[in-house]
Amino acid sequence: MRAAVLKAHGGPERLAVESKEVPAPRAGHLLVRVAAAGLNFHDVIERRSGYPGRPAPPTGTGLEGAGEVIAVGPGVTEAKVGDQVAWAAVESSHAQYVEVPVADAIPVPGWLGAVDAAAVAAQGLTAHYLAFSLRSFAAGDTALVWAAAGGVGRLLTQFLAARGVRVIAATSSEVKAAVAREAGAERSVRYEDVPDAVRESTGGAGVDVVFDGIGAPTFDVSLGSVRRRGLLVVYGRAGGQVPPVDLFRLSGAGSVQLVRPRFIDFVATREELLFRSDELFAAIRSKDVTVRVEAVFSLEDIADAHRLLESRAAIGKVVILPWPDEE
Ligand SMILES: NC(=O)c1ccc[n+]([C@@H]2O[C@H](COP(=O)([O-])OP(=O)(O)OC[C@H]3O[C@@H](n4cnc5c(N)ncnc54)[C@H](OP(=O)(O)O)[C@@H]3O)[C@@H](O)[C@H]2O)c1
């Protein structure tokens, strides 16, 4: 099979696509023929520098995909050959075949195609836990969402807007601002206008919650935008890692709660993964949430897929097709 390999940390040129043995599924695992795989900003960070504690290159790449089960390992009873599954956190997913732990396999409903399933698994489940599992938000609550036309940001805006939350969307361009409004944001503003917009929209009180997936460049404005006893969620670092924070800044900002959540802690049990994916698929079915694919790349062109994602030009999902001739 063909599989992407990261040869060393650095630019997209450090990615290669190589021939490898198709794995035989171990106990508790499924062998899946990948129909589509998702590219995430996480993959870009892994490529550039990696996360603390992660194995050094050479390594496989990618965490997300969807496809058909073609073999099951010993002891597997929850899935069978022919099932369509998706996953959001399985190593080496940018490949023609992936060995998926059965506990991580999400059954894909018949009406959802593999490209859409792969496009929404990680960012959709993330948007779901951000919207529903950190605090209970009610209609009329106010939220500031940075990068609201980004992968997580757009889906999060849709989930919040469907619940009646008033979203102030921050984006870097007019095109992205229009996408955020289409996703349900009450208003969308450029980054430099965020403080004024928050003041105007909340009578100076600040928003109930800020969702910040950018990190270092936006953290200070995020903290200054939260109301007394509000919540600041720093879920990503597309713009860089937030430096260590003096805890007294949280009290000074009005006893603000700060959380830096991690995806795997919100799909920590099989029950939670299935409950969350059921709700995500229901939201797609009811059109509260829409899948948006920006571009589709052949696996052999994975370096170009990384270039597009990190250029900030993509609005929807970047999808990798390991078997491009079949499209
Ligand atoms: N904690 C979790 O559970 C979790 C789960 C999924 C993702 N994440 C993290 O959340 C972040 C966003 O993920 P995503 O999948 O939504 O990514 P994405 O689709 O690539 O969107 C990121 C957005 O960030 C904005 N941005 C601002 N500065 C940027 C920069 N220097 N480089 C690139 N983009 C920049 C861009 O929007 P504008 O052009 O409008 O600024 C871009 O669209 C990433 O750090 C990712 O690793 C965390």
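Draft legend 1. Looking closely at the overall build of the protein chain. Regarding its fold elements, the protein chain presents nine helices and 16 strands. Here the C-alpha radius of gyration of the protein chain, 20 Å, is about what a compact globule of 327 residues would show, namely 20 Å. Seen along its three principal axes, the alpha-carbon backbone of the protein chain occupies a region of about 60 × 40 × 35 Å. The 327 residues of the protein chain split such that 50% are buried. Restricting the contact set of the protein chain to residue pairs at least 6 apart, pairs at least 24 apart contribute 67%.

Draft legend 2. Molecular detail of the packing of helix α1 (residues 41-48) against helix α9 (residues 302-311). Running from N to C, α1 and α9 point in directions that differ by 105°, and their axes come no closer than 10 Å. Put simply, α1 runs roughly perpendicular to α9. Residue-level inspection shows Phe41, Asp43, Val44, Arg47 and Arg48 of α1 in contact with α9, the latter providing His306, Leu309 and Glu310.

Draft legend 3. The arrangement of the site of the ligand in detail. In the region of the ligand, 27 residues are neighbours, and Tyr129, Gly151, Ser172, Lys176 and Tyr191 sit closest. The side chain of Lys176 places a nitrogen or oxygen atom 2.7 Å from an oxygen atom of the ligand. A distance of 2.9 Å separates an oxygen atom of the ligand from a polar backbone atom of Arg237. Isolated, the ligand exposes 910 Å² of accessible area, and the fraction of that covered by the protein chains is 88%. Shared between two domains, the shell around the ligand holds at least three residues of each, these being domain 1 (2-124 + 270-326) and domain 2 (135-260).

Draft legend 4. View of the sheet that holds strand β2 (residues 15-19). Taken in spatial order, the three strands of this open sheet run β2-β1-β4, and their pairing is antiparallel. The open sheet has two edge strands with one neighbour each: β2 and β4 (59-60).

Draft legend 5. Structural view of helix α5 (residues 194-202). Residues of α5 that are buried: Val194, Ala197, Val198, Ser201 and Thr202. Projected down its long axis, α5 carries its buried residues within an arc of 105°, all on one side. Packed against the buried residues of α5 are β9 (142-146), β10 (166-171), β11 (187-190), β12 (207-212) and α6 (219-225). Among the residues trailing α5, Gly203 stands out with phi positive, at a value near 60°.

Draft legend 6. Structural detail: α9. Those residues of α9 that sit buried are Ile302, Ala303, Ala305, His306 and Leu309. Taken down its axis, α9 places every buried residue within 155° of arc, on the same side. Of the surrounding secondary structure, the elements contacted by the buried residues of α9 are β1 (2-6), β2, β3 (29-39), α1, β15 (293-298) and β16 (317-321).

The rules behind these values
- Residues numbered from 1 in each chain as written.
- Predicted model: local features only at pLDDT ≥ 70, side-chain atom pairs only at ≥ 80, totals over all residues.
- Heavy atoms only, no water.
- Helix = DSSP H or I, 4+ residues; strand = E, 2+ residues; numbered from the N terminus.
- Rg over C-alpha atoms; globule rule 2.2 N^0.38 Å.
- Buried < 20%, exposed > 50% of the residue type's maximum accessible area, 1.4 Å probe, protein only.
- Contact = heavy atoms within 4.5 Å.
- Axes fitted to C-alpha atoms, helices over the stretch in contact; angles between N-to-C directions.
- Parallel < 35°, antiparallel > 145°, perpendicular 65-115°, else oblique.
- Near = heavy atom within 4 Å.
- Polar contact = N/O pair within 3.5 Å; in protein donor to acceptor, adjacent residues only side chain to side chain.
- Areas by Shrake-Rupley, 256 points an atom, 1.4 Å probe, with all protein chains shown as cover.
- Domains from an automatic or database assignment.
- Pairing = 2+ DSSP bridges.
- Arc of directions from axis to C-beta.

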